Amino acid sequence: MFPQITPYLLSIIALLATNVLVLAQRQQFFLQIGIRNITRRKINTILIILGAMIGTTIITASFITGDTLDYSIKKEVYEQLGRADLAILRSTPNQRRNVNTLEETIFSHDLLNAIQLHLDSQTAIESAVPVLRFSVPVEHVDPNSLETILFEPQAQIIGTPITTMCAFLEQMDNCPDLQTNQAGLTVGLADKLDAAVGDLLAINFQGEQFLLEIGDIIDQPGLWQLSGDMRTASNLILNLEDAQRIFLTSQPAGLEIPDQLLSMLSDPDLKQAFMELQSEPPENFDDLPPLILDFLDQQGLTAVARSWFGGQTDNELTDPISRIYLACPGDIPNSYENCAPALEPLRTALAEYSATNKINLELRELKNCLLYTSPSPRDRTRSRMPSSA
């Protein structure tokens, strides 16, 4: 904790002012010279005073602006991540291009068991929670006719063990009560769909439709509201088993081409070739049409495309998840700094698991960017927020 410096600064200013007054009292001649110059050069005096005022205002405004931006960014991060200091997720060959298929982002829930063993022996990690995230279009439908009332094309499913997530977020007193085949909506998504508790939702995912009853409207901050940006989250909260059922039931029989990749295509013939590839894929990568092979080579996507053909497949997973969030001991915002002892052991464990299961996993430090911003007094005095995630 840093001490409040305001009393010290006021004491220094008071000492300096006292010193000036004592000197002025003892050196009357210099005091008279100074005052005489002020009265003789009034315009210069006014300009000097105005210049000092403007300069002070500019410098003060820059400090205020910087502190406000700093606090706003920290507040957004703390409210969306809360207690989540670290995340384990799967890294893909073309992650920076953002053209991964959904299957390339998942891994087995068994990893959590290995992490749990690490939690038992590593005091630097306090708790962990698994999450399965993927985007779906969702409709608010009439319960009798199933006709669409309102539609949201880009909602995000967050499947997680609800009780475990509430314990992770320290929100057991206000934990959503979601039963099987029930969904919780964030306030942002509920407003977009004009939906309330008891209404019916239809999720359309890869050619399959799933009907869910709205069990709760979730306004608690934290990972429930995680959107990846500063916009209002449009999240659909499900029990992990329901999210896994939707994901596994909807696995396509053909070849899935990422939508981001299709959006890159400007050549109509090339786009048509990719569309035909989805419905009638060849058995091997080398059997792709030359037009597609040349495009993949030019874009550096060959390694990604090879994984579509029998390389790394996760369709046999019965319990897929897409990330594990970890919390370090301590109050927000200080808990992240307590993660240091666990980083290297966790990376070693992930490397061993990755080698054994032939996938690439990475440990992401979610709050390391906050170490490069100065802590504001508001952050120093805040205890763990009830809005933590």
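Since we're looking at a predicted model, the values are computed, not measured. (Residues numbered from 1 in each chain as written. Predicted model: local features only at pLDDT ≥ 70, side-chain atom pairs only at ≥ 80, totals over all residues. Heavy atoms only, no water.)

### A few points about the pairing of strand 4 (residues 148-160)
Consecutive residues of a regular strand have side chains that alternate between opposite faces of the sheet. Note: strand 3 (residues 127-141) against strand 4, nine bridges, orientation antiparallel. Bridging from a neighbouring strand, phenylalanine 134 pairs with isoleucine 157 of strand 4. Hairpin remark: strand 3 followed by strand 4, antiparallel, with six residues in the connecting loop; positive phi at leucine 146, about 60°. Pairing geometry for strand 4 and strand 8 (residues 235-239), over five bridges, is parallel. Bridge pairing in strand 8 links glutamine 156 to asparagine 235. (Pairing = 2+ DSSP bridges. Helix = DSSP H or I, 4+ residues; strand = E, 2+ residues; numbered from the N terminus.)

### Focus on a nonpolar patch on the surface
On the surface, a cluster of nonpolar side chains totalling about 830 Å² of accessible area is made up of Ile43, Ile46, Leu47, Ile49, Leu50, Met53, Ile54 and Ile58. One can find isoleucine 46 in helix 3 (residues 42-81). Residue class for isoleucine 46 comes out partly exposed when judged on its relative accessible area of 49%. (Patch = residues over 30% accessible without salt bridge, like charges linked within 9 Å, V, L, I, M, F, W, Y side chains within 5 Å. Areas by Shrake-Rupley, 256 points an atom, 1.4 Å probe, with all protein chains shown as cover. Salt bridge = Lys/Arg side-chain N within 4 Å of Asp/Glu carboxyl O. Buried < 20%, exposed > 50% of the residue type's maximum accessible area, 1.4 Å probe, protein only.)

### Regarding the environment of leucine 326
Residue placement: leucine 326 occurs in strand 10 (residues 323-327). Distance in space between the C-alpha atoms of leucine 326 and serine 127 is 5.8 Å, their sequence separation being 199 residues.

### Structural notes on unusual backbone geometry
Positive phi outside glycine occurs at glutamate 170, with the angle close to 60°. Along the chain, glutamate 170 falls in the loop between helix 5 (162-169) and strand 5 (182-186). Its identity as a non-glycine residue notwithstanding, aspartate 194 has a phi of 50°, on the positive side. Locating aspartate 194 in the fold gives a position in the loop between helix 6 (187-193) and strand 6 (200-205). On the accessibility criterion, aspartate 194 (56% relative accessible area) is exposed.

### Focus: helix 12 (residues 340-357)
In this model, helix 12 (18 residues) spans 26 Å end to end at C-alpha, consistent with the 26 Å of a helix rising 1.5 Å per residue. Taken together, the buried positions of helix 12 are occupied by Ala342, Leu343, Leu346, Leu350, Tyr353 and Ser354. Considered in projection along helix 12, the buried side chains sweep an arc of 105° and stay on one side of the axis. Residues of helix 12 that are exposed and point more than 90 degrees away from the buried face comprise Pro341, Glu344, Glu352, Ala355 and Thr356. Lysine 358 occupies a position one or two residues after helix 12 and carries a positive phi of about 60°. (Expected span 1.5 Å × (residues − 1). Arc of directions from axis to C-beta.)

### Description of the environment of proline 143
Positionally, proline 143 belongs in the loop between strand 3 and strand 4. Residue classification places proline 143 among the exposed residues on the basis of a relative accessible area of 56%. Residues proline 143 and leucine 201 lie 58 residues apart in sequence; the distance between their C-alpha atoms is 8.7 Å.

### Quick word on the nonpolar core
Core analysis: the biggest nonpolar cluster contains 48 residues, and Leu86, Leu185, Ile203 and Leu326 have the highest contact counts within it. Beyond its immediate sequence surroundings of up to four residues, leucine 326 is in contact with Arg83, Ala84, Asp85, Leu86, Ile88, Ile115, Ile125, Ser127, Ala128, Phe168, Leu346 and Leu363. Membership of the second largest hydrophobic core comes to 22 residues, among which are Ile162, Leu169, Ile218 and Trp224. (Core = buried A, V, L, I, M, F, W, Y, C linked by side-chain atoms within 4.5 Å. Contact = heavy atoms within 4.5 Å.)

### What to know about the pattern of salt bridges
On inspection of all chains with the given rule, the structure shows five salt bridges. Ionic pairing is found between arginine 347 and glutamate 344, a salt bridge with its closest N-O pair at 3.4 Å. You can see arginine 347 and its partner glutamate 344 sitting in helix 12, three residues apart, about one turn around the helix. Judged by its relative accessible area of 31%, arginine 347 falls in the partly exposed class.

Function cannot be inferred from these measures alone, as they are strictly geometric.
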